[in-house]
Amino acid sequence: MSSQPLVTHVYTADPSAHVFNGKLYIYPSHDIDAGIEDNDHGDQYAMNDYHVFSIPTLSSVPASAPEVTDHGVVLSQSAVPWVSKQLWAPDCAYSPKTGKYYLYFPARDKDGVFRVGAAVGDKPEGPFEPDPEPIKGSYSIDPACFVDDDGEAYLYFGGIWGGQLQCWSSGSFDRSKFDSMEATEGDALFPRVAKLNADMRSIDGEVMHVALLGADGKPIPAHDHEKRFFEAAWLHKYKGIYYFSYSTGDTHLLAYATGDSPLGPFTYRGTILEPVLGWTTHHSIVEFEGRWWLFHHDASLSGGKNHLRCVKVREIFYTEKGEIKLEK
């Protein structure tokens, strides 16, 4: 079942959905047409600001589209001194320790290296004031912040190919590995996770690898493109189990793995969503009004242009074994 776009007056992608104060908020990328031809480095994704959208209820879905409010631009590239270009997929989190909201976003710095920045706001709809420098120790793309039941916060990030994760395999940035995209043998690259300090804008300790394992307990191999991590990390919790979901990139799947700790390891469980119209796939999963929802995107609004996408939503379900399904 293909749902209708939630937003049609601007192009949106990479939706991070959260429930704050009884209302659902979406923090997506804002796609624009920069006139750049498609390439494997993702230069055509030249986004330069963020909008926030809110939805009071999803009770009408799937029969009809919900009411969506656009709260306008909440952060622009011009407001972030360290950024050179490409405000890619963001996320937002609320800290009960500070009472503030934090927008996390990836962008290229002045040297062309992707970093993760943070911006703070008093309300979930923004606006957000960015820190003058990126989060120390951060790199690559697609930040996703998970705040556990005990108030501890974890920041997940990483993406290969244009996301540059392959450049950090030695622990420091190696520009020569940018064009290699990824390994063709051995273990696939793992996404990253870091525990955040109470200020939500700095890393507590070291950046760690998120181990993604197959059913045999071994790391997913690099050649298995239907299971290996590509980008779009997301973590949610269901009945005490941590679900780590992600995009497989060039096989265009949304996959998931489960574990007993927010730090992993996570064991591969299956696929959530098959390929959609357009090259990329990126998502979030959230509980709202007693139902579970998958927010994702495709390129249907633009007739299939990979860099001009639209956010959609559909309900998901869990089996008794904790498997994620699109139908009951």
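Up top is the structure these notes are about.
Residues numbered from 1 in each chain as written. Predicted model: local features only at pLDDT ≥ 70, side-chain atom pairs only at ≥ 80, totals over all residues. Heavy atoms only, no water.

Examining the sheet that holds strand 4 (residues 69-76)
Pairing is antiparallel in the open sheet, where four strands are placed in the order 1-2-3-4. Strands at the two margins of the open sheet, each flanked by one partner only, are strand 1 (11-20) and strand 4. Going from strand to strand, the sheet's axes swing by 25° on average, the running direction of each strand aside. By the bridge criterion, eight bridges tie strand 1 to strand 2 (residues 23-31) in an arrangement that is antiparallel. The residue of strand 2 that forms the bridge with phenylalanine 20 is lysine 23. (Pairing = 2+ DSSP bridges. Helix = DSSP H or I, 4+ residues; strand = E, 2+ residues; numbered from the N terminus. Axes fitted to C-alpha atoms, helices over the stretch in contact; angles between N-to-C directions.)

Thoughts on the pattern of salt bridges
Applying the stated criterion across every chain yields a total of 15 salt bridges. Between arginine 115 and aspartate 109 there is a salt bridge, with its nearest N and O atoms 3.5 Å apart. (Salt bridge = Lys/Arg side-chain N within 4 Å of Asp/Glu carboxyl O.)

Here's the deal with unusual backbone geometry
Geometrically, the link from valine 61 to proline 62 is a cis peptide bond, its omega value of 10° lying close to zero. Relative to the elements of secondary structure, proline 62 occurs in the loop between strand 3 (49-55) and strand 4. Between glycine 264 and proline 265 the backbone carries a cis peptide bond, its omega angle lying at 0°. One non-glycine residue, glutamine 164, lies in the positive phi region at around 75°. Within the secondary structure, glutamine 164 sits in the loop between strand 11 (153-157) and strand 12 (192-195). Using a relative accessible area of 2% as the deciding quantity, one classes glutamine 164 as buried. Backbone geometry places lysine 239, a non-glycine residue, at a positive phi of 50°. (Buried < 20%, exposed > 50% of the residue type's maximum accessible area, 1.4 Å probe, protein only.)

Focus on the sheet that holds strand 14 (residues 212-213)
Strand order in this open sheet of five strands is 14-18-17-16-15, and the pairing throughout is mixed. Two strands in the sheet have a free side with no partner beyond their single neighbour: strand 14 and strand 15 (231-238). Two elements, strand 14 and strand 18 (residues 266-273), share two bridges in a ladder whose sense is parallel. Along strand 18, the bridge assignment pairs leucine 212 with phenylalanine 266.

A word on the nonpolar core
In this structure, Tyr104, Tyr156, Leu212 and Phe244 are the most contacted members of the largest nonpolar core, which totals 43 residues. In terms of residue count, the dominant contributor to this core is strand 11 (five residues). Excluding its chain neighbours within four sequence positions, the residues that come into contact with tyrosine 156 are Asp142, Pro143, Ala144, Phe146, Arg192, Val193, Val210, Ala233, Leu235, Phe244 and Pro262. Membership of the second largest hydrophobic core comes to 18 residues, among which are Phe20, Cys92, Phe105 and Ala119. (Core = buried A, V, L, I, M, F, W, Y, C linked by side-chain atoms within 4.5 Å. Contact = heavy atoms within 4.5 Å.)

Thoughts on the pairing of strand 1
The element strand 1 is extensively covered by neighbouring structure, given that eight of its 10 residues are classed as buried. Taking the residues that link successive antiparallel strands as the turn, the strand 1-strand 2 hairpin has two residues, and the phi of asparagine 21 there is positive, at about 55°.

Examining the environment of lysine 328
Tracing the sequence through the fold places lysine 328 in the segment after strand 22 (324-325). Since its relative accessible area comes to 89%, lysine 328 is described here as exposed. Residues lysine 328 and leucine 273, spaced 55 residues apart in sequence, show a C-alpha to C-alpha distance of 15 Å.

Considerations on the packing of aromatic side chains
Tallied over the full model, the rule gives 26 aromatic pairs. With 5.9 Å between their ring centres and 15° between their planes, tryptophan 82 and phenylalanine 105 make a pair best called stacked. Taken together, the positions of tryptophan 82 in the loop between strand 4 and strand 5 (83-85) and phenylalanine 105 in strand 7 (residues 100-109) put the pair 23 residues apart, joining distant regions of the chain. Both residues of the pair, tryptophan 82 and phenylalanine 105, belong to the buried class. Plain terms: the ring middles of tryptophan 161 and phenylalanine 230 are 5.2 Å apart, the flat faces sit at 70° to each other, and that makes the pair edge-to-face. Taken together, the residues tryptophan 161 in the loop between strand 11 and strand 12 and phenylalanine 230 in the loop between strand 14 and strand 15 connect sequence positions 69 residues apart. With a relative accessible area of 3%, phenylalanine 230 lands in the buried category. (Phe/Tyr/Trp six-rings, centres within 6.5 Å; stacked < 30°, edge-to-face > 60°.)

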